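Residue strings, one per chain:
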Amino acid sequence: MKTTPFTRKHQQLGAKMAEFAGYLMPISYSGINDEHTAVRKNAGVFDVSHMGEFIFKGENALDLIQRVTTNDASKLTSGRAQYSCLPNDDGGIVDDLLVYCIEENNVYMLVVNASNIEKDWNWISKFNDKNVEMHNISAKTCLLAVQGPDATKIIQPLTEMDVLNMPYYTFGKGTVAGVKNVLVSATGYTGAGGVEIYFEDKDEAPDVIWNAIFEAGKSYGIKPIGLGARDTLRLEMGYCLYGNDIDDTTSPMEAGLGWVTKFSKTFPSSAIFEKQKKEGVKRKLVGFEMIEKGIPRHDYPINDAGGKAIGKVTSGTQLPGINKAIGMGYVETAHAGIDTEIFIGIRDKQIRARVVKLPFQ
Amino acid sequence: MNFPKDLRYTKDHEWIRLDGDVATIGITDFAQRELGDIVYVEIETAGKTLEAESVFGTVEAVKTVSDLFLPVAGTITELNPALAATPEVVNSDPYGEGWMIKMKVKNVADIHELMDADAYAAVAGE
């Protein structure tokens, strides 16, 4: 199993560890509820070094990105990032990703899901017929997400970059805790605000940065956060998780990702998606909350009042902090309207739920 | 981890406390740690007579769901009423306030076949 430069720290901190995407990762430390609340109220640190980073360089780098992704990367100027999808040829999604414009029309970074690094690399490589310089820097890149309302206050004293006033989906490169060439971006997967910090796994850098963050965050009650709370936090915001809510068989139009699908250019399946936009989709990803007691889980059936199958749950949990069970799932479009009553098949029972707006709450 | 000596245990990580022919059953300290924050205990088998190894309920943590297996044959007589409102007591006090059911055991001898604390500690990897 692969490790990250922080694996030993997680173990020393007593984290519950498990395999995720081939990496030994922390699932929880003090408990998912406690960690979830810490991020919503104060700040938490996630080791997400397992994620993949590709650097694309050269005069045709933007052209390559434009031909493989759904969002319009030509809108990006240096220091800006965007959320996007890599579509396949069959109307599905190879991966969802972030595109960072490091130097306009020349240098870009793509941040992809750990489980898809090889798949994405091979897929994109097939389109690289104009000699774009491609570097897979995943193995030597550390990524710490510092998230929560206090996150930027904690990071600010460690750097000369203006982290406190960094607009959402922008980033800077500079020194953090004395480590040079660190990329700090105002992004995250929690909806709680904060930054993501990318740096090379070199010398003492991982130790220095980790320790500096926890030292600076001590008075704010900063906590290490595992993948368990990462999942409940993203689900509370209605963010898709690749492999659960989106995959090779789901369209961005079905998944509510039309806002990152731009038809000012062509890309794999763009004709399929444009037709779906015009004519509507047969099923839609919706958020729902349970009316009766029960917790929805991935792959549980969704039925209508008459017991007819209308879809499947893709993600579900009991929301930490409030006594409410929520989920997301695909349902036939006729049942996708807000407040529609649906039924989740939990073990041998049909439990009432209703479609709600995303994000939850 | 804590495995009281006066209890019996199963490989499914349940504990059994015997008093006459009445057994109190819950999940072990190891089980509650593995599950994490417990948010819902669903047991709808009160009054039922079940065989050993039957599923008598379900425990839901934030991220996982796990079946509860009856350690020995018998009749379920009582559910812990506190679990409906405060399932988290299974985490905080698995052998006390976090008990799950009481049952009338069919053959008391079956209980003595179950693991003692030392044998269970080995199963739990202690």
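Residues numbered from 1 in each chain as written. Chains lettered and ligands numbered in written order. Predicted model: local features only at pLDDT ≥ 70, side-chain atom pairs only at ≥ 80, totals over all residues. Heavy atoms only, no water.

1. As for the overall build of chain A
Keep this limit in mind: A run of H or I in DSSP counts as a helix once it spans at least four residues, and a run of E counts as a strand once it spans at least two, with each numbered from the N terminus. Each radius of gyration is computed over the set of C-alpha atoms, and the globule rule expresses the reference value as 2.2 Å times the number of residues to the power 0.38. Burial classes: relative accessible area under 20% of the type maximum marks a residue as buried, over 50% as exposed, and values in between as partly exposed (1.4 Å probe, protein chains only). The protein chains shown are the only cover counted for residues, whose accessible areas, like all others here, come from Shrake-Rupley with a 1.4 Å probe. Charge convention: Lys and Arg are scored as positive, Asp and Glu as negative, and His as well as the terminal groups of each chain are ignored. Charge coordinates come from a single atom per side chain, which is NZ of Lys, CZ of Arg, CG of Asp or CD of Glu.
Assigned secondary structure in chain A consists of eight helices and 19 strands. For chain A, whose C-alpha radius of gyration is 21 Å, the value lies close to the compact-globule estimate of 21 Å for 361 residues. In terms of its C-alpha atoms, chain A occupies a principal-axis envelope of roughly 65 × 50 × 40 Å. The 361 residues of chain A split such that 59% are buried. Just so you have it, chain A exposes about 14,900 Å², and 50% of that area is on carbon and sulfur atoms. With 40 positive and 44 negative side-chain charges, chain A shows a separation of 4 Å between the mean positions of the two kinds.

2. Section: the packing of aromatic side chains
To describe a pair of aromatic rings, you give the distance between the ring centres and the angle between the ring planes. To be explicit about the condition: Stacked, edge-to-face and tilted are the three classes for Phe, Tyr and Trp ring pairs, Trp counted by its six-membered ring, which pair at centre distances within 6.5 Å; planes under 30 degrees apart are stacked, over 60 edge-to-face, the rest tilted. Charge-over-ring contacts are defined here by two conditions on Lys NZ or Arg CZ: a distance within 6 Å of the ring centre and an angle within 35 degrees of the ring normal.
A full pass over the atoms with the stated rule returns 16 aromatic pairs over all chains. With centroids separated by 6.4 Å and ring planes inclined at 20°, the aromatic side chains of Phe-263 of chain A and Phe-267 of chain A adopt a geometry described as stacked. Over the ring of Tyr-330 of chain A we find Arg-283 of chain A, and its NZ or CZ is 4.6 Å from the ring centre. The ring of Trp-99 of chain B is capped by Lys-102 of chain B, whose NZ or CZ atom sits 4.6 Å from the centre of that ring.

3. Here we look at the side chain of His-36 of chain A
All names here are of chain A. The following threshold applies: Here a polar contact means two N or O atoms within 3.5 Å. Within protein one must be a hydrogen donor candidate and the other an acceptor candidate, and residues neighboring in sequence count only if both atoms are side-chain atoms. Residue contacts are counted whenever heavy atoms from the two residues lie within 4.5 Å of one another.
Within the fold, His-36 resides in helix α2 (residues 32–41). Within the structure, the side chain of His-36 is placed 2.9 Å from the side chain of Glu-236, a separation counted as a polar contact. For His-36, the residues in contact, after removing those within four places along its chain, are Ala-229, Thr-232, Leu-233, Glu-236, Leu-319 and Pro-320.

4. Examining the packing of α2 of chain A against helix α7 (residues 227–237) of chain A
Residues and elements named next belong to chain A. Defined as follows: With axes taken as lines fitted to C-alpha atoms, and helix axes fitted only over the stretch in contact, angles between N-to-C directions fall between 0 and 180 degrees. For classification purposes, an angle smaller than 35 degrees is called roughly parallel, one larger than 145 roughly antiparallel, one from 65 to 115 roughly perpendicular, and anything else oblique. Two helices crossing with the near one rotated counterclockwise from the far one by less than a right angle form a left-handed crossing, whereas a clockwise rotation gives a right-handed crossing.
At a closest axis distance of 8 Å, the pairing of α2 and α7 adopts a crossing angle of 55°. Relative to α7, the element α2 lies oblique. Here α2 and α7 pass one another in a crossing that is right-handed. Between α2, through Ile-32, Glu-35, His-36, Val-39 and Arg-40, and α7, the contact on the second element is made entirely by Gly-228, Ala-229, Thr-232, Leu-233, Glu-236 and Met-237.

5. Focus on the interface of chain B and chain A
Spelled out, the test is: Accessible area that two parts lose when put together, with a 1.4 Å probe and added across both, is what the buried area reports. The working definition used for a salt bridge is a side-chain nitrogen of Lys or Arg within 4 Å of a carboxyl oxygen of Asp or Glu. Just so you know the grouping, Ala, Val, Leu, Ile, Met, Phe, Trp, Tyr, Cys and Pro go in nonpolar, Asp, Glu, Lys and Arg go in charged, and all remaining residues, Gly too, go in polar.
Opposite the 17 residues of chain B that make contact, chain A presents 17 residues. For the chain B and chain A pair, buried surface summed over both sides reaches about 1,400 Å², with 43% attributable to carbon and sulfur atoms. Ranking the residues of chain B by area buried against chain A places Tyr-40, Val-62 and Lys-63 of chain B at the top, with a combined share of 41%. Put simply, chain B and chain A have six salt bridges between them. Between Glu-42 of chain B and Lys-349 of chain A there is a salt bridge; the shortest N-O distance is 3.4 Å. For the pair chain B and chain A, the number of links is 15 residue pairs in polar contact (both at pLDDT 80 or more). At the level of elements, α1 (29–35), β4 (38–42) and β6 (55–61) of chain B are the ones that each hand at least two residues to the side of chain B that touches chain A. Partitioning the side of chain B that touches chain A into residue classes produces seven nonpolar, three polar and seven charged.

6. Remarks on the domain arrangement of chain A
Quick note on the threshold: Domain start and end points were adopted from an automatic or database domain assignment.
Here chain A is partitioned into domain 1 (52–136) and domain 2 (282–356). Once you take the C-alpha centre of each, domain 1 of chain A and domain 2 of chain A turn out to be 34 Å apart.

7. Thoughts on the pairing of strand β3 (residues 44–47) of chain A
All names here are of chain A. Applicable threshold: Think of it this way: DSSP has to see at least two bridges between two strands before they count as a pair.
Side-chain alternation along β3 places Gly-44 and Phe-46 on one buried face and Val-45 and Asp-47 on a second face that is also buried. In terms of strand pairing, β3 meets strand β9 (residues 141–147) through four bridges, oriented antiparallel. Within β9, the residue paired with Asp-47 across the bridge is Leu-144.

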